[in-house]
Amino acid sequence: MTSLPVDDLAVLRRRRSAKWQTYPPDVLPLPVAEMDFALAPAVSAALRTAVDASDTGYAFAQPALGEALARFAAGRWDWQLDPGSVVPVPDVGVGAVELIRAASRSGDAVVISPPVYPPFFAWIEETGTRRVEAPLRQQADGAWRLDLDRLEDAFTQRPAAYVLCNPHNPVGRVHDRDELTALADLAARYDVTVIADEIHAPLVLPGARFTPFLTVPGGAEVGISLVSASKAFNLAGLKCAAAVTASPAVTPVIDRLPPTLPWRLGQLGLLASLAAFDEGGDWLDALIATLDDRRRQLDALLAERLPQVRWSPPEATYLAWLDCRAVGDDNRPRELFLEKGRVGLEPGLSFGTPGSGWVRLNFGTGEQILDEAVNRMAAALG
Ligand SMILES: Cc1ncc(COP(=O)(O)O)c(C=O)c1O
């Protein structure tokens, strides 16, 4: 399968999205999770058709979103979800905030596992809940895992919710069925709602297999999943995601969601997501093959040019979690790569205290840009 192409830098720099506007033009930006590939043709066509028809009113998501998502989930993950259980939400962030609110009372504890996607911290603050951390555990081989002992310790504080990240950003771990089953068991024992952020599920790379949390024994009774086409198809600015349930046990949480939520969806996001789920499969396969190439390329580049930097290649996502502790603590590596190398990366500490001395690099880009980025990072240390 041939790799998906990426436009030249001069063309990419014309994009007006956050990734391309955050830094001055001499910085190579590899931070926020946006990709540089062109849209899937089915998605572009759906968007063009909508604009040509001035079809830009309010989104009317159900039943179409649930049905398209159910077909996609069955085809990709063998997950038979009920289209009628799908609640459209504007994006995963809004979905998570509203689910935390619905599952908790002000001051309740909510558990997260750093290093983790920085807005997890912000969502807890926004909802007036109290953060309790059960950090991931790094094994001797460098791989990261859920730490079930720490989770149980945290759950003894009777938190209202645990926000699971599966696959886990930034470490790229795809939690396995046994870990997720043990998590569901703990959640049932301590009466904790699991809000499963599964936005990166379509981006599981060769070698790993995604297990939807709601499909493990006991998962449906304690969990609500948040999914979206937005990461895999680069639709973050269009605003469409979904909360999914699989048991009446969690209906009380869903019933407390604001009834106006589906009205806040983006119409273009909905239409693009329907096209992505129903017609984007071949493009997604090509994307995954491309990201697998980039993962291999980055592994070779790091070994050759940046031996001080260690990593454990991710099982999913286009995000590389790089251990730069040999370069410096806190956010010093990110500052050095930016100031001296002119490469924009996410600072490790944004993902929590275990991120001291780490950076996150986005490899959802072209071969040449990735090569140039590692060259610049090596030059910054030279
Ligand atoms: C784990 C995770 N959750 C949520 C989001 C954001 O999703 P949305 O743009 O739908 O709010 C991201 C974006 O990178 C992410 O990595």
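Residues numbered from 1 in each chain as written. Predicted model: local features only at pLDDT ≥ 70, side-chain atom pairs only at ≥ 80, totals over all residues. Heavy atoms only, no water.

A. Local environment of helix α3 (residues 41-52). Taking 1.5 Å as the rise per residue, α3 with 12 residues should run 16 Å; its terminal C-alpha atoms sit 16 Å apart, in good agreement. All of the buried residues in α3 are A42, V43, S44, A46, L47 and A50. In this fold, the buried residues of α3 make contact with α11 (267-279). Following α3 by one or two positions, S54 has its phi on the positive side, about 50°. (Helix = DSSP H or I, 4+ residues; strand = E, 2+ residues; numbered from the N terminus. Expected span 1.5 Å × (residues − 1). Buried < 20%, exposed > 50% of the residue type's maximum accessible area, 1.4 Å probe, protein only. Contact = heavy atoms within 4.5 Å.)

B. Fine view of the side chain of R294. When you line up the elements, R294 lands in helix α12 (residues 281-305). For the buried R294, which has no salt bridge, the nearest side chain bearing the opposite charge is E367, at an N-O separation of 4.4 Å. When sequence neighbours within four positions are dropped, the list of residues in contact with R294 reads S3, F37, F363, T365, G366, E367 and L370. (Lys, Arg positive; Asp, Glu negative; His and termini not counted. Salt bridge = Lys/Arg side-chain N within 4 Å of Asp/Glu carboxyl O.)

C. Main features of the sheet that holds strand β2 (residues 87-89). Reading across the sheet, the seven strands line up as β2-β10-β9-β8-β7-β3-β4 and stay open at both edges, with mixed pairing between neighbours. At either end of the open sheet lies a strand with only one pairing partner, and these are β2 and β4 (130-133). Averaged over all neighbouring strand pairs, the angle between strand axes comes to 25°, with direction disregarded. Examined bridge by bridge, strand β3 (residues 109-112) and strand β7 (residues 161-165) share two bridges and lie parallel to one another. The partner of V110 across the bridge, within β7, is A161. (Pairing = 2+ DSSP bridges. Axes fitted to C-alpha atoms, helices over the stretch in contact; angles between N-to-C directions.)

D. Structural context of the packing of helix α7 (residues 148-155) against helix α8 (residues 177-190). Axis separation between α7 and α8 bottoms out at 10 Å; the angle between their running directions is 15°. Taken together, the axis directions place α7 and α8 in an arrangement best described as roughly parallel. Both α7 and α8 take part in a crossing whose hand is right-handed. Each of L148, L151, E152 and F155 in α7 lies in contact with α8, whose residues at this interface are E179, A182, L183, L186, A187, R189 and Y190. Looking at the contact of α7 with α8, its residues break down into eight nonpolar, no polar and three charged. (Parallel < 35°, antiparallel > 145°, perpendicular 65-115°, else oblique. Left-handed = near helix turned anticlockwise from the far one by under 90°. Nonpolar A, V, L, I, M, F, W, Y, C, P; charged D, E, K, R; others polar.)

E. Representation of the site of the ligand in the model. The immediate surroundings of the ligand are formed by A33, D91, V92, G93, Y117, C165, N169, D197, I199, H200, S230 and K231. Taking N169, its side chain carries an N or O atom lying 2.8 Å from an oxygen atom of the ligand. Side-chain polar atom of K231 to an oxygen atom of the ligand: 3.1 Å apart, as the coordinates give it. Contact with the protein chains hides 92% of the accessible area of the ligand, taken as 400 Å² for the molecule alone. Considering only residue class, the shell around the ligand consists of five nonpolar, four polar and three charged. (Near = heavy atom within 4 Å. Polar contact = N/O pair within 3.5 Å; in protein donor to acceptor, adjacent residues only side chain to side chain. Areas by Shrake-Rupley, 256 points an atom, 1.4 Å probe, with all protein chains shown as cover.)

F. Representation of the sheet that holds strand β12 (residues 319-323). Strand order in the open sheet formed by four strands is β11-β12-β15-β14, with antiparallel pairing between adjacent strands. Lying at the two open borders of the sheet, with one neighbouring strand each, are β11 (310-311) and β14 (346-347). Bridge analysis of β14 against strand β15 (residues 358-362) gives two bridges, and the strand direction is antiparallel. Of the residues in β15, the one forming a bridge with P347 is V359.

G. Quick peek at the packing of aromatic side chains. Per the counting criterion, the structure on display carries 13 aromatic pairs. Each residue in the set F72, W77, W79, F210 and F277 is aromatic and connected to the rest through ring pairs, giving one cluster. (Phe/Tyr/Trp six-rings, centres within 6.5 Å; stacked < 30°, edge-to-face > 60°.)

H. Broad picture of the nonpolar core. Ranked by size, the top nonpolar core spans 103 residues in total, and within it F155, Y162, F213, F233, L322 and L361 carry the most contacts. With nine residues, the single largest contributor to this core is α12. The residues contacting L361, other than those within four sequence positions of it, are L30, L298, Y318, L319, A320, L322, L345, L370 and M377. With 30 residues, the next largest nonpolar core counts V92, I112, I195 and I254 among its residues. (Core = buried A, V, L, I, M, F, W, Y, C linked by side-chain atoms within 4.5 Å.)

I. Just helix α5 (residues 92-103), in detail. In this model α5 runs 16 Å from its N-terminal to its C-terminal C-alpha over 12 residues, within 8% of the 16 Å that 1.5 Å per residue would give. The element α5 is extensively covered by neighbouring structure, given that 10 of its 12 residues are classed as buried. Taken together, the buried positions of α5 are occupied by V92, G93, G95, A96, V97, E98, L99, I100, A102 and A103. Of the residues that open α5, the one with a side-chain oxygen 3.2 Å from the backbone nitrogen of G93 is D91.

J. Region of interest: unusual backbone geometry. Residue P63 is reached from Q62 by a cis peptide bond, and omega for that bond is 10°. If you trace the backbone, P63 turns up in the loop between α3 and α4 (64-77). The omega torsion across P114 and P115 is 0°, close enough to zero to call that bond cis. One non-glycine residue, D191, adopts positive backbone phi at about 60°. Structurally, the position occupied by D191 is in the loop between α8 and β8 (193-197). Here D191 falls in the exposed class, since its relative accessible area comes to 65%.

Function cannot be read off these values alone, since they describe shape.
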